[in-house]
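Letter by letter, the chains look like this.
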Amino acid sequence: MDHPREKCGIFAVIGHEDAAKLTYFGLYALQHRGQESAGIVASDGNHVREHKAMGLVPDIFNEGILDELKGNIALGHVRYSTTGSSLLVNAQPFRVRYSGKSLAIAHNGNLVNAHEIRAQLEEAGSIFQTTMDSEVVLHLTAKCIRKGLEQAMIETMAQVKGAYSMAIMTEDTIIAARDPNGFRPLCIGKLDSGYVVSSETCALDLVDAKFIREVEPGEIVIINEAGLRSVPSGIKSRKSQCIFELIYFARPDSNIFGENVYLFRKEQGKLLARAFPLDVDLVMPFPDSGNYAAIGYAQSSGLPYEMGVIRNHYVGRTFIQPSQSMRDFGVKVKLNPVRELLKDKRVLIIEDSIIRGTTAKTRVRTLRKIGAREIHMLVSCPPHRFPCYYGIDFSSRGELIAAQKTVDEIRDYVGLDSLGYLDIEDLVKATRIPHGDLCLACFDGRYPVPVDVGFTKTCLEVD
Ligand code: SF4
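Residues numbered from 1 in each chain as written. Predicted model: local features only at pLDDT ≥ 70, side-chain atom pairs only at ≥ 80, totals over all residues. Heavy atoms only, no water.

Around the ligand sit Phe183, Arg184, Cys242, Ile243, Phe244, Cys388, Tyr390, Ile392, Phe394, Cys439, Ala441 and Cys442, and those are all the residues in its vicinity. A molecule is said to occupy a pocket when more than half its atoms come within 2 Å of that pocket's grid points, and by this definition the ligand occupies the largest cavity. Those elements that place two or more of their residues in the shell around the ligand are helix 8 (243-249) and helix 17 (441-444). Here the residues of the shell around the ligand are counted per class, giving eleven nonpolar, no polar and one charged. (Near = heavy atom within 4 Å. 1 Å grid on protein atoms, 1.4 Å probe; cavity = no way out; pocket = protein on both sides within 12 Å on 5 of 7 lines; lining within 4 Å. Sits in = over half its atoms within 2 Å of the grid points. Helix = DSSP H or I, 4+ residues; strand = E, 2+ residues; numbered from the N terminus. Nonpolar A, V, L, I, M, F, W, Y, C, P; charged D, E, K, R; others polar.)

A word on the nonpolar core. Within the largest apolar cluster, 73 residues are counted, with the highest numbers of intra-cluster contacts made by Leu367 and Phe443. The dominant element in this core, judged by the number of residues it contributes, is helix 8, at six residues. The residues contacting Leu367, other than those within four sequence positions of it, are Met284, Phe286, Val309, Pro337, Leu342, Ile349, Ala372 and Ile375. (Core = buried A, V, L, I, M, F, W, Y, C linked by side-chain atoms within 4.5 Å. Buried < 20%, exposed > 50% of the residue type's maximum accessible area, 1.4 Å probe, protein only. Contact = heavy atoms within 4.5 Å.)

Here the focus is the pairing of strand 3 (residues 48-54). Bridge analysis of strand 2 (residues 37-43) against strand 3 gives seven bridges, and the strand direction is antiparallel. Bridging from a neighbouring strand, Gly39 pairs with Lys52 of strand 3. Joining the antiparallel neighbours strand 2 and strand 3 is a turn of four residues, in which Gly45 adopts a positive phi near 95°. (Pairing = 2+ DSSP bridges.)

Taken as a whole and assessed by the stated rule, the structure comprises ten aromatic pairs. Geometrically, the ring pair formed by Tyr262 and Tyr292 is tilted, given 4.7 Å between the ring centres and 55° between the ring planes. Taken as a pair, Tyr262 in helix 9 (residues 261-275) and Tyr292 in helix 10 (residues 291-301) lie far apart in primary sequence, 30 residues in all. Overall, Tyr262 belongs to the partly exposed group, its relative accessible area being 30%. A network of ring pairs unites the aromatic residues Tyr24, Phe25, Tyr28 and Phe61 as a single cluster. The ring of Tyr413 carries the charged tip of Lys361 above its face, separated from the ring centre by 4.3 Å. Over the ring of Phe286 we find Arg363; its NZ or CZ atom is 5.0 Å from the centre of that ring. (Phe/Tyr/Trp six-rings, centres within 6.5 Å; stacked < 30°, edge-to-face > 60°. Lys NZ or Arg CZ within 6 Å of the ring centre and 35° of its normal.)

Residues Glu17, Asp18, Asp67 and Glu68 make up a contiguous surface patch of negative charge. By secondary structure assignment, the location of Asp18 is in the loop between strand 1 (8-14) and helix 1 (19-29). Taking the relative accessible area as the measure of exposure, Asp18 reaches 37% and is therefore partly exposed. (Patch = residues over 30% accessible without salt bridge, like charges linked within 9 Å, V, L, I, M, F, W, Y side chains within 5 Å. Areas by Shrake-Rupley, 256 points an atom, 1.4 Å probe, with all protein chains shown as cover. Salt bridge = Lys/Arg side-chain N within 4 Å of Asp/Glu carboxyl O. Lys, Arg positive; Asp, Glu negative; His and termini not counted. Charge placed at Lys NZ, Arg CZ, Asp CG, Glu CD.)

A few words now on the pairing of strand 4 (residues 73-79). Burial runs high along strand 4: seven of the seven residues are buried. Where burial is concerned, the two faces of strand 4 agree: the one with Ile73, Leu75, His77 and Arg79 and the one with Ala74, Gly76 and Val78 are both buried. Relative to strand 4, strand 1 runs antiparallel, the two being bridged by seven bridges. Counterpart to Ile10 in the pairing with strand 4 is His77. In terms of strand pairing, strand 2 meets strand 4 through seven bridges, oriented antiparallel. Its bridge partner being in strand 4, Val41 is matched across the sheet by Leu75.

A few words now on empty space enclosed by the protein. On inspection of all chains with the given rule, the structure shows three cavities of 30 Å³ or more. The calculated volume of the largest cavity comes to roughly 100 Å³. Elements with a contribution of two residues or more to the lining of the largest cavity: helix 8 and helix 17. Residues that form the lining of the largest cavity fall into these classes: 13 nonpolar, no polar and one charged. (Points joined across faces, edges and corners; volume = space filled by probe spheres on them.)

Following this line, the structure appears as structure tokens:
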């Protein structure tokens, strides 16, 4: 694994007779945000039904299952585990019944004080069913539910810290909330007869929902039969939207934090071309990570853009493991270089990140073998020196190559003729977002919300 892992995706529908089906399509569009498990909870006002399983959205649901998820309100989730192991019990939405009410949660992000809150709740007699930080939120909300949902959410948000975009569903209401720093994206769309809430706008497009706006950092949005109501949580904090959502996670056809992801990535390439005008024969990405920055570099520099490596789109998640002697098989089965295009050429590869460096090293070795004359690499962000505690699963600091080696040492390790990184000023410049409204902690180590450096994704399992 030489790229950070996706986190989670949320999609909710209210006020549509095919709510579960629409949610299915929404999750389909958000599959890139999590491939370990998926689930949908739906309500017809009287009964709440759910279906969750491990695997990909199209493998988990079929027509019959979706027909059973009746009602005009539904909540869905795709998951990659950032807290809690990859087990069915940890699949979301996570649902409880409390005081005669059904509460289901879909959460994206990591709470940095979940461990602490959970210990306090357990001390007071709460019994937890999962090892997810998201369950903490439901316990806190349930504790104050008698004061009404709105007040319960305000009191919950006053206690939890860290990164969360979430949607909570009762029998007749969807509540969307975003942490006061706004780490993760969350937006609202309008259907003819209702509303949707989604991690990214690409899912709105698929279900023909019109983008209304993003949920503001620190905002609680309550949607039910009475319409849509915004409630400020009252917690003030500086915005710190995750730059890595723009660099890598979000789909290029999404708009997040007010930016179009595709155009942002092209701009990164353009700024790389200005900072590193290289004398090479062609520019190419390793698909699909550097595609859009490579287009930006090529258009800005006038160099030919080539797809020098071809991806096999049909490689499944598992294949028979090759024997030890079949070196580099895992990389080769996915990507194959076009020998006739690259032989004797001076090649520039655009990458969106180098995390451990192992995959890049293997790929570069393959290009050398087929006769590329020079291999240069430019990365469209600064070196990753610090781990993320807000819901992105990079390797631990010990495994981050840039935490251990200088740029020259990384160049030699990967086997390149030259290596350059976009600097932090240019990275921020590629957005139209002020520097102070972004989280850049994995590059500069300045964590906007104090973190527990002992955090691991399974830390709630060692109680
Ligand atoms: S540390 Fe990096 S990956 Fe994590 S939230 Fe901040 S910018 Fe995003």
